[in-house]
Amino acid sequence: MTEELDLMGQDSDGSSEEVVLTPAELIERLEQAWMNEKFAPELLESKSEIVECVMEQLEHMEENLRRVKKEDLKVSIHRMEMERIRYVLTSYLRCRLTKIEKFFPHVLEKEKTRPEGEPSSLSPEEFAFAKEYMASTDTYLKNVALKHMPPNLQKVDLLRSVPKPDLDSYVFLRVRERQENILVEPETDEQRDYVIDLEEGSQHLIRYKTIAPLVASGAVQLI
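What counts and how
- Along each chain, residue indices are assigned from 1 in the same order as the chain's sequence is written.
- The predicted nature of this model means local features are confined to residues of pLDDT at least 70 and side-chain atom pairs, given and counted, to a pLDDT of 80 or more, with totals for whole chains, interfaces and linings taken over all residues.
- Side-chain calculation: all heavy atoms of the structure are included, whereas hydrogens and water are not.
- UniProt positions are given in the numbering used here, feature names are shortened, and annotations may be inferred rather than shown by experiment.
- Centres within 6.5 Å are what make two rings of Phe, Tyr or Trp a pair, Trp counting through its six-membered ring; a difference in plane orientation under 30 degrees is then read as stacked, over 60 as edge-to-face, and the rest as tilted.
- We count a stretch as a helix when DSSP gives it H or I for four or more residues in a row; a strand needs E for two or more, and each element gets its number in order from the N terminus.
- Accessibility here uses a 1.4 Å probe with only protein chains present; expressed as a share of the type maximum, an area under 20% marks a residue as buried, one over 50% as exposed, and anything in between as partly exposed.
- A 1.4 Å probe that fits but cannot get out identifies a cavity on a 1 Å grid over protein atoms alone, an open set with protein on both sides within 12 Å along at least five of seven lines counts as a pocket, and a residue lines either if it has an atom within 4 Å of a point.
- Grid points are joined across faces, edges and corners, and a volume is the space filled by probe spheres set on the points.
- Gly counts as polar in this scheme, as do all residues outside two lists: the nonpolar Ala, Val, Leu, Ile, Met, Phe, Trp, Tyr, Cys and Pro, and the charged Asp, Glu, Lys and Arg.
- When DSSP finds two or more bridges between two strands, those strands count as paired.
- To get an axis, a line is fitted to the C-alpha atoms, and for a helix only the part in contact is used. The angle between two axes follows their N-to-C directions and goes from 0 to 180 degrees.
- Only heavy atoms matter for contacts: two residues are in contact if any of them lie within 4.5 Å across the pair.
- Multiply 1.5 Å by the residue count of a helix minus one, and that product is the helix's expected span.

Per an unreviewed UniProt entry, the recorded name for the protein chain is DNA replication complex GINS protein SLD5, and the organism is Microcebus murinus. If you open the UniProt record of the protein chain and go to Sequence similarities (unreviewed entry), you find "Belongs to the GINS4/SLD5 family."

Here is the structure:
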């Protein structure tokens, strides 16, 4: 696999740019997205373009293997790598669906109030799934419980009833790009805010809310 793939990215001002990646760099991007999604308490920005490119690359690899003799040792090695990639891809998508099911009212509310130009947390398919899941949940609650209750109790606010993602939870991270003057909020009223520098390659245990923007920018990697 030596050919390059085109991936659309975004500049800091929100404008689109085309990023050219090798297959190895593409898989690295997928693994980074997978680890971040796995350990972040909230649903992160959708990486649907990476997913689509990986699926296309898997199809291309499958086509190449059909041209190779089955007795060739390379076939077994490449198939093992394909299965590994499929596992990472499937795990990434399953993790996102689990979060959507767990936090669906908040995910949809965030999407509804998302400023224009800001990356979406949902792919079109995930957005459709979240809306259908919310509608099904609402219908189920009405048919099973709410219709049997007094009229003044037949409405439920899902935004208040479903817990929000715990952004105050702690996460492990590895610093990919040096960061200066990161403001850390105190854990108790007796403490004060303080500032830290994150050195490239260093690892930390820190409150997710503090470094959420750095996860989004790729400056740190959750581990």
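**Examining the packing of aromatic side chains**
In total, this model carries three aromatic pairs according to the counting rule given. When the centroid spacing of 5.9 Å and the interplanar angle of 35 degrees are considered together, the rings of phenylalanine 129 and tyrosine 133 count as tilted. Highlighted residues: phenylalanine 129 and tyrosine 133, both in helix H4 (residues 124-144), separated by four residues, approximately one helical turn. Accessibility expressed as a relative area gives 27% for phenylalanine 129, which makes it partly exposed. Judged by relative accessible area, which is 28%, tyrosine 133 ranks as partly exposed. Chaining the aromatic ring pairs together yields one cluster made of Phe104, Phe129 and Tyr133.

**Structural notes on the UniProt feature "coiled-coil region" (unreviewed entry) in the protein chain**
The feature "coiled-coil region" (unreviewed entry), as annotated in UniProt, sits at residues 44-71 in this numbering. For residues 44-71, helix accounts for 68% and strand for 0%, while the C-alpha atoms at its two ends are 43 Å apart.

**Some remarks on the layout of surface pockets**
Quantified by volume, the second largest pocket comes out at close to 240 Å³. In terms of lining, the second largest pocket is formed by 13 residues, of which the most central are Val51, Leu93, Ser123, Glu125 and Glu126. For the lining of the second largest pocket, the elements supplying multiple residues, two or more each, are helix H2 (48-66), helix H3 (73-112) and H4. Each residue belonging to the lining of the second largest pocket can be placed in one class, and the counts come to five nonpolar, three polar and five charged.

**Here's the deal with the pairing of strand E3 (residues 170-175)**
Where burial is concerned, the two faces of E3 differ: the one with Val171, Leu173 and Val175 is buried and the one with Tyr170, Phe172 and Arg174 is not. Across three bridges, the pairing between E3 and strand E7 (residues 220-222) is antiparallel. Its bridge partner lying in E7, leucine 173 is registered against leucine 222.

**Here's the deal with the sheet that holds E3**
Strand order across the open sheet formed by three strands is E6-E3-E7, with antiparallel pairing between neighbours. One side of each edge strand has no neighbouring strand; the edge strands of this open sheet are strand E6 (203-207) and E7. Across the sheet, the mean angle from the axis of one strand to that of its neighbour is 40 degrees, orientation sign disregarded. Pairing geometry for E3 and E6, over five bridges, is antiparallel. Looking across to E6, one finds that phenylalanine 172 is bridged to leucine 205. This element, helix H1 (residues 23-39), spans E3 and E7 of the sheet and lies at about 60 degrees to E7. Its contacts with the sheet place helix H6 (residues 208-217) against E3, E6 and E7, and it is angled at close to 120 degrees to E6.

**Details of H1**
Taking 1.5 Å per residue as the helical rise, H1 with its 17 residues ought to reach 24 Å, and the 25 Å between its terminal C-alpha atoms agrees with that figure. Listing the buried residues of H1 in full gives Pro23, Leu26, Ile27, Leu30, Gln32, Ala33, Trp34, Asn36 and Glu37.

**Description of the environment of valine 75**
Within the secondary structure, valine 75 is located in helix H3. Put simply, valine 75 and leucine 65 are ten residues apart on the chain and 6.4 Å apart in space, counted from C-alpha to C-alpha. Leave out the neighbours within four places in its chain, and valine 75 touches Leu65, Val68, Lys69 and Lys70.

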